[in-house]
Amino acid sequence: MLLSTDHAASLCVALQKRHGEDTNRRTAAHQSPLPSSRCANGGSAVRAFINRLTFDVGGSLPSPSSGRLRVEGQSKDCVTLSWSAGRHQVCVWRFPFRLEILCEDKVMVTFNSKGKLWFETLQDPPGFLAVFFFFLLMFTPFGSELHDDHAHLLWKETFRQFEDIKANGPSSIGSDLCLHGFSHVYGLPEHADGLQLRDTSDGDPYRLYNLDVFAYDLYSRLGLYGSVPLLVAHRPDRTVGVFWLNASETFVNVGYSMSAPPDGQTPALKRRQMEPQTDVHWLSESGVIDCVVLLGPGPQQLFTQYAQMTGYQALPPLFALGYHQSRWNYDDEADVKAVDAGFDRHDIPYDVIWLDIEHTEGKRYFTWDSALFPEPANLQRHLEERKRKLVVITDPHIKIDPGWWLSNEARNGGHFVKNRDGQIYEGSCWPGNSNYLDFSSPDTRAWYSRCFSLDKYKGSTPSLFVWNDMNEPSVFDGPEQTMPKDAVHYGRWEHRELHNLYGFYQHMATAEGLITRSGGLERPFVLSRSFFAGSQRLGAVWTGDNVASWEYLSISIPMLLSLSVTGIAFCGADVGGFFQDPEPELLLRWYQAAALQPFFRGHSAKGTKRREPWLFGEKVTAAIRTAIQQRYCLLPYWYTLFHLAHTTGLPPLRKGYRSFYPNPHRPLWVEFPGEQSTFGVDHQYMIGGALLASPVTDPGVQEVRVLLPGSDEVWYEVHTAKAHKGGRTLRLPVTLDTVPVFQRGGSVVCRSTGSGSCTAEQQQLPLSITVALNSEGLADGELYLDDGHSFGYRDRKAFCLRRFSLLSGRLLCRSRSEEGTFDCNVIIQSVTVLGLKSKPSTVVLHASGARDSFAAFEWTESCGMLTVNRLKLRVAMDWEMEIHEGYHVNVNNSATSSTVFDLSMDPKHQENEDSIRKQ
């Protein structure tokens with residue numbers, strides 16, 4: 001066992017299984033043949049482990065650096081270690097073994113608090129005895145008597161008709177942790193359940209085991225398509241996390257209780273000093289105990305620590321943040337072109353159209369049906385002329401076909417998973433009998449990546465992108481519709497060791513293939529159904545085969561928030577539900593909700609009715625059009641948030657206000673960690689630090705209740721600019737056309753002035769800025785721009801990061817980064833300021849290299865809103881806008897709600913302008 005930590009206040013405990021020298025030799029392909037120990041941290045999060053004879057899940061994570069511990073004291077029963085100048089300590093108790101992790105002299109987390117540490121060593125029977133006992137057990141009467149013996153059952157399990165033989169015997173591991181003072185825990189996706197984890201003492205534990213689950217049960221703790229073994233606990237003054245780095249089948253029990261105070265106190269004093277605690281018990285089928293405790297202290301610090309350890313969200317190409325239209329399946333090239341034209345005809349923007357498995361020749365991936373898609377390259381060029389993309393599906397199963405080049409290459413190259421007898425594993429999926437690629441092998445991943453090259457993938461072009469489906473992996477005739485646990489991977493590792501990593505590895509190989517295809521110049525886009533910790537580095541994920549019902553719409557919000565809490569920011573749910581047919585109101589509400597979530601795709605199953613946005617009547621079409629157009633208008637803000645998620649090591653501070661949590665989409669409690677009223681909210685959420693969204697997820701609703709956090713906050717309705725004080729629940733009338741969205745006082749949000757037909761057009765449009773003042777009259781925000789598709793921002797620092805801040809009536813636009821340079825002609829056309837207490841007199845513009853000038857503006861008295869239009873301020877140029885009071889103005893036009901001021905005819909303007917310039 002090795003313990004280590006650093007100044008970042010994290011602790012990792014690692015225990016390693018050991019078995020005989022024969023196993024040491026067989027694992028040399030994966031590990032060093034010599035014993036090695038490694039102490040590592042990611043700058044903020046710390047890992048430490050002994051790594052010798054077991055599958056190294058940590059190989060899927062970025063390589064961190066090192067840190068040290070200091071011995072503070074020791075006795076015969078305990079040694080105390082410290083870091084962070086003694087502010088953090090760990091006490092290691094000898095018997096019974098436990099670890100107490102302290103922050104500021106108070107115990108935060110206890111490892112093995114209830115003595116549930118469990119560690120089964122791997123076993124290798126001697127050669128002759130192994131064969132002898134095998135025949136004895138399987139083929140003799142004495143063996144039939146032993147068949148029911150407990151020891152034998154541990155080596156062999158039966159599930160229905162499936163038999164699982166464990167090569168090294170039982171190998172489960174587990175431990176418990178006590179989180180002192182915590183009564184709210186989150187994370188552990190993927191489950192169709194609420195955001196806060198439930199107490200499992202009355203039922204099943206949470207299961208982490210990636211499975212293909214069609215029309216999954218709601219409010220269930222059973223595993224779905226992906227797994228992230230991160231649990232986050234939060235209370236008003238502290239956030240901690242537990243990362244259980246294990247890719248085998250894992251169960252997690254959660255128990256909430258009140259802890260007893262020390263003995264010797266009176267009953268009344270005991271009651272007053274009772275505090276909550278959460279007990280968590282992890283149990284995995286195999287692997288090592290590799291447990292990282294993240295100590296925050298706040299949510300933003302904790303998520304940064306976790307991101308430094310597992311990787312930051314990839315910066316997607318801009319088109320990937322637009323709307324995606326998909327169906328199983330669009331019939332042929334003519335159908336694709338007709339749908340593409342339909343979006344233009346109905347003035348609905350979109351960026352990507354998708355093809356499911358029917359586009360292939362007999363479910364052979366990397367092929368095209370020659371009758372339905374005879375000219376796939378021309379189809380992609382047709383879309384590219386309109387600045388749109390095509391996405392196709394590639395699953396991990398390969399049709400058994402001796403006449404198919406890809407099947408033969410994979411077989412001859414040794415790229416398939418094998419069964420326990422050493423033969424190529426066969427399972428059933430969409431093509432029928434199939435072999436499964438062994439993505440755990442670096443050679444297989446490299447070969448698979450090369451399959452995406454333009455010369456090998458016939459009919460592909462640079463505008464073709466990829467969707468990885470069925471990669472849990474799904475095996476129709478396998479146990480629980482997945483691969484047997486005793487299947488054998490590269491290095492002779494059993495599938496049980498790395499099951500939850502299988503889809504992650506395919507996602508990795510696909511993303512690398514698209515990068516390599518472009519010569520390393522272009523960002524990839526890959527959607528994966530299966531995922532693990534670190535998948536955020538590779539692309540997007542979605543919530544799988546949902547159903548067209550209000551309940552599935554509602555549950556999609558906490559499911560996506562759970563993914564966000566565990567670092568996977570680029571996530572979404574199929575709009576309208578994959579299975580069954582949505583009623584028009586449900587479809588509309590789903591579009592409105594999904595337009596306010598990171599990944600935005602409409603998708604439906606084979607056999608469902610067509611549901612392109614214009615097929616439900618003009619009223620519904622108009623409302624869907626509005627939702628999608630508003631999404632496109634907000635893309636400058638979304639793209640800026642993804643840039644921050646991708647690049648921010650330590651979250652940039654908002655001057656005098658708050659810091660950025662590097663994730664675009666987050667629960668309320670992350671932004672308001674001290675407000676207990678937000679801890680259980682999972683039907684509304686923050687988009688960045690500026691926007692609060694509360695989608696309507698029930699039918700026939702005419703009024704909603706929205707929690708506006710923060711008693712010192714000001715919230716502005718986005719569609720009316722009406723201001724509301726925070727710290728209360730607001731009753732808000734809604735119609736089919738409205739979605740409750742609020743801008744937080746103290747923020748600046750940049751939008752496009754229009755949507756265009758796709759993101760390429762939207763990039764060329766002018767911007768509008770909305771400045772929402774807080775109670776102190778301040779506001780701050782950022783805007784990030786680059787070319788939207790290449791790695792130029794990384795390799796050549798070709799980007800533009802601007803900061804907007806309003807203080808003392810002066811709105812400043814300045815560079816946020818000294819290293820970025822990007823030739824950008826985007827202009828700001830309008831500025832809106834919300835929350836002004838009195839009517840301005842003049843608005844004066846100061847721009848670098850230009851003469852100061854007065855600007856015409858509108859004033860809306862009812863909501864204290866100033867609007868300055870007809871501007872031509874370059875985003876990449878420094879400028880400022882001064883809002884003055886007390887000067888003479890001429891009112892040229894007025895209305896009941898707003899007044900337009902034109903200062904150009906006032907004889908005192910030049911005098912005022914000269915005076916201001918001197919100031």
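Description of the structure in this document. (Residues numbered from 1 in each chain as written. Predicted model: local features only at pLDDT ≥ 70, side-chain atom pairs only at ≥ 80, totals over all residues. Heavy atoms only, no water.)

Let us now look at the overall build of the chain. Each helix and strand counted, the chain has 20 helices and 55 strands in total. Counting across all 919 residues of the chain, residues that qualify as buried make up 62%. Sequence separation of at least 24 residues holds for 71% of the intrachain contacts in the chain that already meet a minimum separation of 6. Of the roughly 34700 Å² of accessible surface on the chain, 52% is carried by carbon and sulfur atoms. (Helix = DSSP H or I, 4+ residues; strand = E, 2+ residues; numbered from the N terminus. Buried < 20%, exposed > 50% of the residue type's maximum accessible area, 1.4 Å probe, protein only. Contact = heavy atoms within 4.5 Å. Areas by Shrake-Rupley, 256 points an atom, 1.4 Å probe, with all protein chains shown as cover.)

Residues Leu390, Phe525, Trp669 and Ile687 are the most contacted members of the largest nonpolar core, which totals 147 residues. Top contributing element to this core by residue count: helix α13 (residues 550–565), with 10 residues. When sequence neighbours within four positions are dropped, the list of residues in contact with Leu390 reads Val352, Ile353, Leu355, Trp368, Leu379, Gln380, Leu383, Ser463, Leu464 and Phe465. Formed by 41 residues, the second largest nonpolar core is a distinct cluster that contains Val714, Leu806, Ala847 and Ala855. (Core = buried A, V, L, I, M, F, W, Y, C linked by side-chain atoms within 4.5 Å.)

The subject of this paragraph is unusual backbone geometry. The step from Phe95 to Pro96 runs through a cis peptide bond, and the omega angle for that step is -10°. Along the polypeptide, Pro96 turns up in the loop between β7 (88–93) and β8 (98–103). The omega torsion of the bond from Pro189 to Glu190 falls at 20°, within 30 degrees of zero and hence cis. Position of Glu190 among the secondary structure elements: in the loop between β14 (185–187) and β15 (206–208). The phi dihedral of Arg160 is positive, around 55°, even though this residue is not glycine. With respect to the helices and strands, Arg160 occurs in the loop between β11 (156–159) and β12 (162–165). The backbone of Lys387 sits at a positive phi, close to 65°, despite the residue not being glycine.

Let us now look at the sheet that holds strand β41 (residues 741–744). Strand order across the open sheet formed by 6 strands is β34-β35-β36-β41-β38-β39, with antiparallel pairing between neighbours. Each end of this open sheet is capped by a strand with a single partner; those strands are β34 (665–666) and β39 (723–725). Across 3 bridges, strand β36 (residues 691–693) lies against β41 in antiparallel orientation. Following the sheet pairing, Leu691 is matched in β41 by Gln743. (Pairing = 2+ DSSP bridges.)

Further remarks concern the pairing of strand β9 (residues 106–111). Across 5 bridges, the pairing between β8 and β9 is antiparallel. Bridge assignment links Leu102 to a residue of β9, and that residue is Val107. The turn linking β8 back onto β9 is made up of 2 residues, and Glu104 within it adopts a positive phi angle of 50°. Of the strand pairs in this sheet, β9 and strand β13 (residues 173–180) are connected by 3 bridges, and their pairing is antiparallel. Across the sheet, Thr110 pairs through a bridge with Cys178, a residue of β13.

A word on helix α12 (residues 502–517). Over its 16 residues, α12 runs 23 Å from end to end, which matches the ideal 22 Å to within 8%, given 1.5 Å per residue. Counting buried residues in α12 gives 13 out of 16 residues, a clear majority hidden from the surface. Phi turns positive one or two residues past the end of α12, at Gly519, with a value near 70°. (Expected span 1.5 Å × (residues − 1).)

Time to look at the sheet that holds strand β22 (residues 352–355). Here we have 8 strands laid out as an open sheet, ordered β32-β31-β30-β27-β23-β22-β21-β33, and parallel in their pairing. Every interior strand has two partners, whereas the edge strands, β32 (571–572) and β33 (600–602), have only one. Alignment of strand β27 (residues 464–468) against strand β30 (residues 526–528), held across 3 bridges, turns out to be parallel. Residue pairing for β30: Asn468 is matched across the bridge by Ser528.

So, on to the packing of aromatic side chains. Inspection of the entire model under this criterion finds 43 aromatic pairs. With a centroid separation of 6.4 Å and an interplanar angle of 45°, the aromatic rings of Phe303 and Trp669 are classed as tilted. Of this pair, Phe303 sits in helix α6 (residues 299–310) while Trp669 sits in helix α17 (residues 668–671), and the two are 366 residues apart along the sequence. Taken individually, Phe303 and Trp669 each receive the classification buried, so the pair is uniform in this respect. Here Phe672 and Trp715 contribute two aromatic rings whose centre-to-centre distance is 5.9 Å and whose plane-to-plane angle is 50°, an arrangement assigned as tilted. Here the residue Phe672 occupies a position in the loop between α17 and β35 (685–687), and Trp715 occupies one in strand β38 (residues 714–717), the gap between them amounting to 43 residues. One exposure class covers both Phe672 and Trp715, and it is buried. The structure contains a cluster of three or more aromatic residues connected by ring pairs, namely Phe319, Trp354, Phe465, Trp467, Phe525, Trp542, Phe570, Phe599 and Phe642. The ring of Phe182 has Arg235 lying over it, and the distance from NZ or CZ to the ring centre is 4.8 Å. (Phe/Tyr/Trp six-rings, centres within 6.5 Å; stacked < 30°, edge-to-face > 60°. Lys NZ or Arg CZ within 6 Å of the ring centre and 35° of its normal.)

Let's shift gears to the packing of helix α10 (residues 442–450) against α12. Relative orientation and spacing of two packed helices are given, respectively, by the angle between their axes and the distance between those axes. Where α10 contacts α12, the two axes come as close as 8 Å, and the packing angle between them is 45°. It follows from the interaxial angle that α10 and α12 lie oblique. Regarding α10 and α12, the two cross each other, and that crossing is right-handed. Where α10 abuts α12, its residues Arg445, Tyr448 and Ser449 lie against Tyr505, Gln506, Met508, Ala509, Thr510, Glu512 and Gly513. (Axes fitted to C-alpha atoms, helices over the stretch in contact; angles between N-to-C directions. Parallel < 35°, antiparallel > 145°, perpendicular 65-115°, else oblique. Left-handed = near helix turned anticlockwise from the far one by under 90°.)

Moving on, we come to the environment of Tyr784. Assignment of secondary structure puts Tyr784 in strand β44 (residues 779–785). Taking the C-alpha atoms as reference points, Tyr784 and Phe799, 15 residues apart in sequence, are found 7.4 Å from one another. If near-sequence neighbours (up to four positions away) are discounted, Tyr784 is found in contact with Leu315, Tyr639, Thr640, His643, Tyr793, Phe799, Cys800 and Leu801. Looking at Tyr784, its side chain comes within polar contact range of the side chain of Asp786, at 2.6 Å. (Polar contact = N/O pair within 3.5 Å; in protein donor to acceptor, adjacent residues only side chain to side chain.)

Here we take up the pattern of salt bridges. It is possible for side chains of opposite charge to pair when their charged atoms get near one another. The full count for this structure, using the stated rule, is 47 salt bridges. Between Asp486 and Arg420 there is a salt bridge whose closest N-O contact spans 2.4 Å. Placement of Asp486 in the loop between β27 and β28 (488–489) and of Arg420 in the loop between α9 (405–412) and β25 (426–429) is noted, with a sequence separation of 66 residues between them. Taking the relative accessible area as the measure of exposure, Asp486 reaches 5% and is therefore buried. The partner of Arg814 in a salt bridge is Glu880, with the nearest N and O atoms 3.5 Å apart. Taken together, the residues Arg814 in strand β46 (residues 810–815) and Glu880 in strand β53 (residues 879–884) connect sequence positions 66 residues apart. Taking relative accessible area as the criterion, Glu880 reaches 10% and is therefore assigned buried. Here the salt bridges do not stand alone but share partners, grouping Asp164, Arg207, Glu249, Glu285, Glu480, Lys485, Glu494 and Arg496 into one network. (Salt bridge = Lys/Arg side-chain N within 4 Å of Asp/Glu carboxyl O.)

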